[in-house]
Amino acid sequence: MRKILSYARELHAMGPANNDRLSAVRVGLSVAAPLLFLLAIGRPELSLYAVFGGLTAMYGRNESHQLRLRHQLQAAVVLVGGVSVGVFLAVNHIHSWGLVAVEALLAGVGSLYADRVRLKPNGPFFGILALGACASVPVTAPFAVAVLIAAASAAFSLLVGFAGWLRVRAWKSGAMREAPKRTPETRQAAVVHAARYITAVGVAGSIGVLSGSGYPHWAMAAAAVPLAGADMPSAVHRGIHRIVGTFLGLGIVAVVLFPGPLSPLQYFPATVVLVLLVILCQFFTELFMTRHYGWAMVFFTPVILLMTELAAVTDPARLITERAAETLIGALTGIAVVVLIRRRPRSAGSPTPAAASSGDLP
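Residues numbered from 1 in each chain as written. Predicted model: local features only at pLDDT ≥ 70, side-chain atom pairs only at ≥ 80, totals over all residues. Heavy atoms only, no water.

**Here's the deal with the overall build of the protein**
And step 1. Scanning the protein for helices and strands turns up 14 helices and zero strands.
And step 2. Counting from the amino terminus, the protein carries its helices and strands in the arrangement α-α-α-α-α-α-α-α-α-α-α-α-α-α.
And step 3. Evaluated residue by residue, the protein yields a buried proportion of 54% over its 362 residues.
And step 4. Here the analysis covers contacts within the protein between residues at least 6 apart in sequence; of these, 83% occur between residues at least 24 apart.
And step 5. By element, 70% of the accessible surface of the protein is carried by carbon and sulfur atoms, the whole surface being about 15600 Å². (Helix = DSSP H or I, 4+ residues; strand = E, 2+ residues; numbered from the N terminus. Buried < 20%, exposed > 50% of the residue type's maximum accessible area, 1.4 Å probe, protein only. Contact = heavy atoms within 4.5 Å. Areas by Shrake-Rupley, 256 points an atom, 1.4 Å probe, with all protein chains shown as cover.)

**Focus: the confidence of the model for the protein**
And step 1. Residues at a pLDDT of 70 or more form 87% of the protein, whose mean pLDDT is 88.
And step 2. Here residues 346-351 is modelled with pLDDT under 50, and outside its nearest four sequence neighbours on either side it reaches five contacts, counting other chains as well.
And step 3. Residue range residues 355-361 is modelled with pLDDT below 50. Its contacts to residues more than four positions away, or to other chains, number 29 contacts. (pLDDT = per-residue confidence, 0-100.)

**Thoughts on helix H4 (residues 65-91)**
And step 1. End to end, H4 covers 37 Å across 27 residues, agreeing with the expected 39 Å (1.5 Å per residue, within 8%).
And step 2. Buried residues dominate H4, accounting for 19 of its 27 residues.
And step 3. Following H4 by one or two positions, His-93 has its phi on the positive side, about 55°. (Expected span 1.5 Å × (residues − 1).)

**Some points on the nonpolar core**
And step 1. In terms of nonpolar packing, the biggest core is built from 89 residues, with Tyr-49 and Phe-52 touching the most fellow members.
And step 2. Of the residues forming this core, the biggest block, 13 residues, is contributed by helix H13 (residues 293-311).
And step 3. With residues up to four places along the chain from it excluded, the contact list for Tyr-49 reads Val-83, Val-87, Cys-134, Val-137, Pro-138, Val-139, Ala-146, Ile-149 and Ala-150. (Core = buried A, V, L, I, M, F, W, Y, C linked by side-chain atoms within 4.5 Å.)

**Considering the packing of helix H11 (residues 232-257) against H13**
And step 1. Direction vectors running N to C along H11 and H13 enclose 45°, while the axes themselves pass 7 Å from each other. When the interaxial angle is binned, H11 and H13 end up oblique. The interaxial crossing formed by H11 with H13 has right-handed handedness. Contact with H11, carried on its side by Arg-238, His-241, Arg-242, Gly-245, Thr-246, Leu-248, Gly-249, Leu-250, Ile-252, Val-253, Val-256 and Leu-257, involves Tyr-293, Gly-294, Met-297, Val-298, Thr-301, Pro-302, Leu-305, Leu-306 and Glu-309 of H13 and no other residues of that element.
And step 2. Classifying every residue of the contact of H11 with H13 by side-chain character gives twelve nonpolar, six polar and three charged. (Axes fitted to C-alpha atoms, helices over the stretch in contact; angles between N-to-C directions. Parallel < 35°, antiparallel > 145°, perpendicular 65-115°, else oblique. Left-handed = near helix turned anticlockwise from the far one by under 90°. Nonpolar A, V, L, I, M, F, W, Y, C, P; charged D, E, K, R; others polar.)

**Concerning the pattern of salt bridges**
And step 1. Evaluated as defined, the whole model comprises four salt bridges.
And step 2. The shortest N-O distance in the salt bridge between Glu-45 and Arg-43 comes to 2.3 Å.
And step 3. Classification of Arg-43 by relative accessible area gives partly exposed; the value is 28%.
And step 4. For the salt bridge of Arg-61 with Glu-286, the shortest nitrogen-to-oxygen distance reads 2.9 Å. Remark: Glu-286 occurs in helix H12 (residues 270-288) and Arg-61 occurs in the loop between helix H3 (47-54) and H4; sequence separation between them is 225 residues. The residues Arg-61 and Glu-286 share a single accessibility class, namely buried. (Salt bridge = Lys/Arg side-chain N within 4 Å of Asp/Glu carboxyl O.)

**Description of H12**
And step 1. Over its 19 residues, H12 extends 27 Å from the first C-alpha to the last, a length consistent with the 27 Å expected when each residue adds 1.5 Å.
And step 2. Those residues of H12 that fall on the buried side of the exposure criterion are Val-273, Leu-274, Val-275, Val-278, Ile-279, Cys-281, Gln-282, Thr-285, Glu-286, Leu-287 and Phe-288.
And step 3. Its buried side turned inward, H12 meets helix H2 (20-40), H3, H11 and H13.

**Focus: the packing of aromatic side chains**
And step 1. Applying the stated criterion to the full structure yields seven aromatic pairs.
And step 2. Consider the rings of Phe-283 and Phe-284, whose centres lie 5.3 Å apart with planes at 85°: the pair is edge-to-face.
And step 3. You can call Phe-284 partly exposed: its relative accessible area is 28%.
And step 4. Aromatic rings pair up to connect Phe-283, Phe-284, Phe-288, Trp-295 and Phe-299 into one cluster.
And step 5. The positively charged end of Arg-323 is found above the aromatic ring belonging to Trp-218, 5.3 Å away from the centroid. (Phe/Tyr/Trp six-rings, centres within 6.5 Å; stacked < 30°, edge-to-face > 60°. Lys NZ or Arg CZ within 6 Å of the ring centre and 35° of its normal.)

**Topic: the packing of H4 against helix H7 (residues 143-162)**
And step 1. Contact pair H4 / H7: the axes reach a minimum separation of 9 Å and the direction vectors enclose 165°. Taken together, H4 and H7 sit at an angle that is classed as roughly antiparallel. Every pair of crossing elements has a handedness; the one defined by H4 and H7 is right-handed.
And step 2. Across the contact of H4 with H7, the residue classes tally to 16 nonpolar, six polar and one charged.

**Quick word on the environment of Val-225**
And step 1. Structurally, Val-225 is set in the loop between helix H10 (216-224) and H11.
And step 2. As a C-alpha pair, Val-225 and Arg-242 span 17 residues in sequence and 7.6 Å in three-dimensional space.

Rendered as structure tokens:
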């Protein structure tokens, strides 16, 4: 009983502050500017591509400006790459099993890359999410335009992240981000970790397709969440936080999208409300990112669903129901893969891929 109580306390414990407000402002600004620009020119349905590019700002939160720039450039490869592949699949009407195969394969490739360059937040999660989300909405702009929006948004994030350099003007010649030494052990661990991503994402996506869901990419993204944990307890925590946080976030989405006196859509223009809510919720996502993954999910869930609604109006009941079901499927699949495909024990002092504190948002 004492162990159970201790585990429960760890699940809801809030981590220490970690430069959260400044980072939340950077991310909020990086997402807000391109979204407000698209709203101003009458193209809010393209917000999906801008938001994923803007998430570049989530990386390198506590690094120096020089190292943050490098880190965010490395992250932009994952994010803009995910958008590019996703839009390509959408343009060519590759869905269902084709989407599952491509996303599972690129989850493994993204895992190897993320482990090699030490992305934080850990792993290829946001690239996987961008790929699936962009592949699953109608394309309302040419391929090049969609990718350019994501790339321009990522570039703006780089400028926001580097703006503080104008005050300090410090630049170290040859400064590099720390990366793990490449040894046979670390290579083998990285390959095993990539295999876990391929397995979890592939299995979750297959279940999503077989269930008849229109959004199997949500299951695939949720399956990747536990894999970013540093060990078994943190992986399980992530999975539970993903489920509970998503379900609470769906309550916010329901209030917004379902007609009723509490919905702001009844009183203000829908596109304006949705864009502003995406910006606000992304700010709060970053505010809780390293302190409590569950709370971060409460706010990140509306970001994803409201972006989907901006891209193509859908039945809110189906949107919310399938998001809940796919998240449950994916998170449980990810936890199962963590349990069944174990990392080899490591010697003291040797880092493992995706080593992270349980508070990091994947």
